[in-house]
Amino acid sequence: MDEIDVDARITDDRTVIDVTGTRDVAVVVRSADGERIYLPPEGFDDPVGGSPYTSPYQGAGAGGEESPYGGTTGSTRGVMETADGFRVTHPQPATEFDVYRGDED
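Residues numbered from 1 in each chain as written. Predicted model: local features only at pLDDT ≥ 70, side-chain atom pairs only at ≥ 80, totals over all residues. Heavy atoms only, no water.

Asks: I'm lost on the pairing of strand β4 (residues 34–38) in this one. Help?
Replies: The pairing of strand β3 (residues 25–31) with β4 spans 5 bridges and is classified as antiparallel. Bridge pairing in β4 places S31 opposite G34. From the end of β3 to the start of β4, which pair antiparallel, there are 2 residues. (Pairing = 2+ DSSP bridges. Helix = DSSP H or I, 4+ residues; strand = E, 2+ residues; numbered from the N terminus.)

As structure tokens, then:
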């Protein structure tokens, strides 16, 4: 199995989780309002790579609202593709989160 990296930042008003090294994972975030499952962006099985100039200022702001920095970018609600993985933005501070990796065949 290849190595993946998960970095979480939790503030008073949101949780941001960056997954790098793969897009073949699901992230489950639990917070005061319950649980939300975040799946990778569409086309997650495309090779990880792309431009090192991928901007963090693209659609899908906190909670899935559109960002003033760009239009639709192929993001799903709360999930944004990055050059080497994806970013989850959850609109509340997490009390717990889990990362589930797909089976390798």
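After that view, the rundown keeps rolling.
Asks: Which parts of the structure should I look at to understand the side chain of T15?
Replies: Mapped onto the fold, T15 is located in strand β2 (residues 15–20). Look at T15 and you get buried, because its relative accessible area is 1%. Setting aside residues up to four positions removed in sequence, T15 forms contacts with R9, I10, V88, T89, H90, Q92, P93 and A94. (Buried < 20%, exposed > 50% of the residue type's maximum accessible area, 1.4 Å probe, protein only. Contact = heavy atoms within 4.5 Å.)

Asks: Could you clarify how one ought to interpret the environment of E81 in this entry?
Replies: With respect to the secondary-structure elements, E81 resides in strand β5 (residues 79–82). At 3.3 Å, the side chain of E81 and the side chain of R23 are in polar contact. (Polar contact = N/O pair within 3.5 Å; in protein donor to acceptor, adjacent residues only side chain to side chain.)

Asks: Explain the environment of D103 here, please?
Replies: Structurally, D103 is set in the segment after β7 (94–101). Separated by 78 residues in sequence, D103 and V25 place their C-alpha atoms 9.5 Å apart.

Asks: It is not clear to me how the pattern of salt bridges should be interpreted in this structure. Could you clarify?
Replies: Once their charged atoms are close, side chains differing in charge can pair, the charge on each being opposite to the other. Tallied over the entire structure, the rule returns 7 salt bridges. Between R30 and E35 there is a salt bridge, and its shortest N-O distance comes to 3.1 Å. In this structure, R30 and D98 form a salt bridge, with 2.7 Å as the shortest nitrogen-oxygen distance. Of this pair, R30 sits in strand β3 while D98 sits in strand β7, and the two are 68 residues apart along the sequence. Sharing partners across several salt bridges, the network here consists of D7, R9, D18 and R87. (Salt bridge = Lys/Arg side-chain N within 4 Å of Asp/Glu carboxyl O.)

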